[in-house]
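Here is what each chain is made of, one letter per residue.
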Amino acid sequence: MDVELFKKVVPHQCRASMWSQRNKPGKEHLTSTVCATVKHFNCVVTCVITTCLGDPSMKARDRAKVVEHWIKVAEECRALRNFSSLHAILSALRSTSVHRLNKTWKKVSRRNRRTMQKLCKEEDHSGIRGLLTEEKPSRLATLILRLRGAQKRLPKKCVPFLGTFLSDLDKLGTAMDCVKGTHVSLEIEKEEQNVMEEIVLRQEAAKKYKFEPKQQFEVWFQALEQLSETESYILSCQLEPRS
């Protein structure tokens, strides 16, 4: 699902001037492909939180098994370079509703806790952008290949966290508002174009993925009744009351 949604993203819809209109009546279509990707990311976060909390009948050990499952999924996402779902799962496991479940985390195996710490440390240290650019080809190498008429050298296949690009373009859009009409605005426009070109490169690289859709999982994922942020915190406090 992540791959297909990312490949459908229309790069110019990520620009701050477009993205800022997403909630305006009649303007929804201007950012439809980006909204679909963001919505899916948020659904993954909520899905992880909802399943980790379970229901009041579950014991701490049962919830720990669910947490361990998602840590293993996160590890697999890292191996597959699916940074979108990796970030979603880590965000969910570090959310207040899940992170505060001390009894549950004590039942999580030492190996899985170490894996979780390693993944979080890597993300915190390198950042999502750092993980993305670790294999990025130089612009000179890409230009030379293009001039030779050869196939562009693509970065390794990955599914990036789209929020990284949205954040970059939002900052550039804010800067553009401050310097509009000056020579600096041309440089900012060039940077915006560079970011959108990177999205296109990543989309081309993502075509290397060959996945068979798991219909059973998709049906389960779509049917899951997901908790709101407030509902999650209330349930979390019921499972393990504040001392």
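Coordinates for the structure precede this section.
So, how was this worked out
- Residues numbered from 1 in each chain as written.
- Predicted model: local features only at pLDDT ≥ 70, side-chain atom pairs only at ≥ 80, totals over all residues.
- Heavy atoms only, no water.
- Helix = DSSP H or I, 4+ residues; strand = E, 2+ residues; numbered from the N terminus.
- Buried < 20%, exposed > 50% of the residue type's maximum accessible area, 1.4 Å probe, protein only.
- Contact = heavy atoms within 4.5 Å.
- Areas by Shrake-Rupley, 256 points an atom, 1.4 Å probe, with all protein chains shown as cover.
- 1 Å grid on protein atoms, 1.4 Å probe; cavity = no way out; pocket = protein on both sides within 12 Å on 5 of 7 lines; lining within 4 Å.
- Points joined across faces, edges and corners; volume = space filled by probe spheres on them.
- Nonpolar A, V, L, I, M, F, W, Y, C, P; charged D, E, K, R; others polar.
- Axes fitted to C-alpha atoms, helices over the stretch in contact; angles between N-to-C directions.
- Parallel < 35°, antiparallel > 145°, perpendicular 65-115°, else oblique.
- Left-handed = near helix turned anticlockwise from the far one by under 90°.
- Core = buried A, V, L, I, M, F, W, Y, C linked by side-chain atoms within 4.5 Å.
- Phe/Tyr/Trp six-rings, centres within 6.5 Å; stacked < 30°, edge-to-face > 60°.
- Lys NZ or Arg CZ within 6 Å of the ring centre and 35° of its normal.

Undergrad: Would you mind showing me how to read the overall build of the protein chain here?
TA: The helix and strand inventory of the protein chain stands at 13 helices and zero strands. What you see in the protein chain, going N to C, is helices and strands ordered as α-α-α-α-α-α-α-α-α-α-α-α-α. Taken across its 243 residues, the protein chain has 43% of its residues classed as buried. Sequence separation of 24 or more characterises 74% of the internal contacts of the protein chain that already satisfy a separation of 6 or more. Of the roughly 14400 Å² of accessible surface on the protein chain, 53% is carried by carbon and sulfur atoms.

Undergrad: How should I be thinking about the layout of surface pockets in this particular structure?
TA: A water-sized probe rolled over the atoms picks out the places where empty space is left. Quantified by volume, the largest pocket comes out at close to 860 Å³. Contributions of two or more residues to the lining of the largest pocket are made by α1 (2-8), α3 (32-53), α4 (60-80), α5 (83-93) and α12 (215-223). The residue makeup of the lining of the largest pocket, split by class, is 15 nonpolar, four polar and eight charged.

Undergrad: Before we go on, may I ask you to explain the packing of α4 against α5 in this structure?
TA: Helix-helix packing is described using two parameters, namely the angle between the two axes and the distance between the axes. The interhelical angle for the contact between α4 and α5, taken along N-to-C directions, is 155°, at an axis separation of 8 Å. Taken as axis vectors, α4 and α5 run roughly antiparallel relative to one another. As α4 packs across α5, the resulting crossing turns out to be left-handed. Contacts between α4 and α5 pair Val67, Trp70, Ile71, Val73, Ala74, Cys77 and Arg78 from the former with Phe83, Ser85, Leu86, Ile89 and Leu93 from the latter. Along the lines of polarity and charge, the residues of the contact of α4 with α5 split into ten nonpolar, one polar and one charged.

Undergrad: Help me understand the nonpolar core, please; the structure alone is not making it clear to me.
TA: With 52 residues, the main nonpolar core has Cys14, Val48, Leu93, Trp105 and Leu162 as its most contacted residues. For this core, the secondary structure elements donating two or more residues are α1, α3, α4, α5, α8 (110-133), α10 (162-179), α11 (184-206) and α13 (229-239). Setting aside anything within four residues of it in sequence, one finds leucine 93 in contact with Val48, Cys52, Val67, Trp70, Ile71, Val98, His99, Trp105 and Met116.

Undergrad: Would you explain empty space enclosed by the protein in this entry?
TA: What the rule picks out here adds up to one cavity of 30 Å³ or more. Of the voids in this model, the largest cavity is the one considered here, and its volume is about 50 Å³. Forming the walls of the largest cavity are Asp2, Leu5, Phe6, Thr37, His40, Phe41, Ser84, Val159, Pro160 and Leu162. Those elements giving two or more residues to the lining of the largest cavity turn out to be α1 and α3.

Undergrad: Sorry, what's going on with the environment of arginine 111 here?
TA: Residue placement: arginine 111 occurs in helix α8. Each C-alpha atom, one on arginine 111 and one on glutamate 68, is 9.6 Å from the other, the two residues being 43 residues apart in sequence.

Undergrad: Looking at this model, I keep getting lost on the packing of aromatic side chains. Mind explaining?
TA: One pair of aromatic rings is described through two measures. These are the centre distance and the angle between the planes. For the structure on display, the rule yields four aromatic pairs. When the ring of phenylalanine 217 is compared with that of tryptophan 220, the centres are 5.7 Å apart and the planes differ by 40°; the resulting orientation is tilted. Linking phenylalanine 217 with tryptophan 220, this pair stays in helix α12, spanning three residues, or about one helical turn. When its relative accessible area of 38% is taken as the criterion, phenylalanine 217 is described as partly exposed. Of the residues examined, tryptophan 220 reaches a relative accessible area of 37% and is grouped as partly exposed. By way of ring pairs, the aromatic residues Phe217, Trp220 and Phe221 are connected into one cluster. Against the face of tryptophan 19 rests arginine 22, its NZ or CZ located 4.2 Å from the ring centre.

Undergrad: Would you explain unusual backbone geometry in this entry?
TA: Peptide bonds are mostly trans, and most non-glycine residues show a negative phi. Look at arginine 81: it is not a glycine, yet its phi comes out positive at around 65°. Residue position: arginine 81 is located in the loop between α4 and α5.

Undergrad: What is the right way to read α5 from this model?
TA: Given 3.6 residues per helical turn, the α-helix brings residues three or four places apart onto the same face. Counted residue by residue, α5 has ten buried out of eleven residues, so it is predominantly covered. For α5, the set of buried residues is Phe83, Ser84, Ser85, Leu86, His87, Ala88, Ile89, Leu90, Ala92 and Leu93.

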